[in-house]
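Here are the chains, one letter per residue:
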Amino acid sequence: MSKREYDEDDVRIRPGRSSRPRTRTRPKHEDAVDALVITVDRGRYGCVPVDSGDDEIVTAMRARELGRKSVVVGDRVALVGDTSGSAGALARIVRISGRTSVLRRTADDDDTTPEGRLERVVVANADQLVIVSALADPPPRTGFIDRCLVAAYDAGIEPLLCLTKGDLAGPEQVLGYYAELDLPYVRLQPDSDLADLRNRLAGRMSVMVGHSGVGKSTLVNRLVPDALRAVGVVSAIGKGRHTSTSAVALRLPRLKGSKKQDPGWIIDTPGIRSFGLAHVSAESLLHGFPDLVEGTLEDQPNCDHTGADCTLQKWVDDGNADPRRLASYRRLLASRAGDTQATEIS
């Protein structure tokens, strides 16, 4: 028996891994539906289609192609899949539009600890921060308001001071403290007409924050009479419950005879009672105190504005600004450095 001779046709060569470039073609999802995220609950997102003409809530989940991109209340997204909003239906979020603003807070002011550096996005695309503060019972806390102002200015969001319980005390003390800021405000009492506030909310995405007891929940229910029902519907999307730490966006009702087409949205944030500001640089903290900026212009380079020989201190002593404002600014600087006593005072 003769020996077989082999040639090149008998040899199989496996191509190398890098011999063929890998391509990943992602779908364009040209038929995706634009929507607004109104609630987030454990991996499920309640969304309202922008052009639907109603408030039918579509339950959605994140598509894998989004990677690690977070989705928060206020995000404008694109949906594919079942967007009918019917029971059991589930859509997918395939795109997140660019955010016009991001309101952030940190768990703690101390940026030297992991907890203090943990940054949380509260809401996206808001253009107004409504700071709800009672004039009495409980008394106004200007330290909290100052923190909210710093967070708002840092995010590029306009602030609005909403003073409740105006039947118990006058606004002179609070307004005097912010006299140099020209801070817009509304004063309310239990039987107040809300027309002025509604006009300031119309056409906007407004975030409402406030301490317990200031009347924020009552105000939300007056603005959106169906708020409790709406929250109940939203709760069902995650098969859980609407907890005190979750934000929810509520569409303001369109009033009869109103000339404005869009009555606006409010985002209720029951769990946001304070703003850790570790994500805000020491230099940017001054943005919340525009009445003090002029006093820092002639300061020495790298001045921390805490010393008695600081030009800002002398400028305030000469009567150019309220000493309480400088004290509040310095408390925020101290709290960022980990001074817990300063944090508690503010």
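Each remark here, short or long, concerns the structure printed above.
A. Geometry of the packing of aromatic side chains. This structure, assessed with the given rule, holds two aromatic pairs. Summarising the aromatic geometry, the rings of Phe 289 and Tyr 329 are spaced 5.3 Å apart at their centres and angled 55° between planes, so their arrangement reads as tilted. With Phe 289 in the loop between strand E13 (265-268) and helix H7 (311-320) and Tyr 329 in helix H8 (residues 323-336), this pair connects stretches of sequence that are 40 residues apart. Taken as a pair, Phe 289 and Tyr 329 share a single burial class, namely buried.

B. Looking closely at the nonpolar core. Core analysis: the largest hydrophobic core is formed by 51 residues, its most contacted members being Leu 103, Leu 129, Ile 131, Leu 292 and Tyr 329. When residues in this core are grouped by element, the largest group, eight residues, is from helix H2 (residues 142-155). Apart from the residues within four sequence positions on either side, Leu 292 is in contact with Leu 286, Leu 312, Trp 315, Val 316, Ala 321, Arg 325, Leu 326 and Tyr 329. By size, the runner-up hydrophobic cluster in this structure holds 21 residues, among which are Leu 188, Leu 223, Val 248 and Ile 266.

C. Highlighting the packing of H2 against H8. Between H2 and H8, whose axes approach to 11 Å, the crossing angle comes to 70°. Relative to H8, the element H2 is oriented roughly perpendicular. Residues Asp 146, Arg 147 and Val 150 of H2 lie in contact with H8, whose contacting residues are Arg 325, Ser 328, Leu 332 and Ser 335. Along the lines of polarity and charge, the residues of the contact of H2 with H8 split into two nonpolar, two polar and three charged.

The rules behind each value
- Residues numbered from 1 in each chain as written.
- Predicted model: local features only at pLDDT ≥ 70, side-chain atom pairs only at ≥ 80, totals over all residues.
- Heavy atoms only, no water.
- Phe/Tyr/Trp six-rings, centres within 6.5 Å; stacked < 30°, edge-to-face > 60°.
- Helix = DSSP H or I, 4+ residues; strand = E, 2+ residues; numbered from the N terminus.
- Buried < 20%, exposed > 50% of the residue type's maximum accessible area, 1.4 Å probe, protein only.
- Core = buried A, V, L, I, M, F, W, Y, C linked by side-chain atoms within 4.5 Å.
- Contact = heavy atoms within 4.5 Å.
- Axes fitted to C-alpha atoms, helices over the stretch in contact; angles between N-to-C directions.
- Parallel < 35°, antiparallel > 145°, perpendicular 65-115°, else oblique.
- Nonpolar A, V, L, I, M, F, W, Y, C, P; charged D, E, K, R; others polar.

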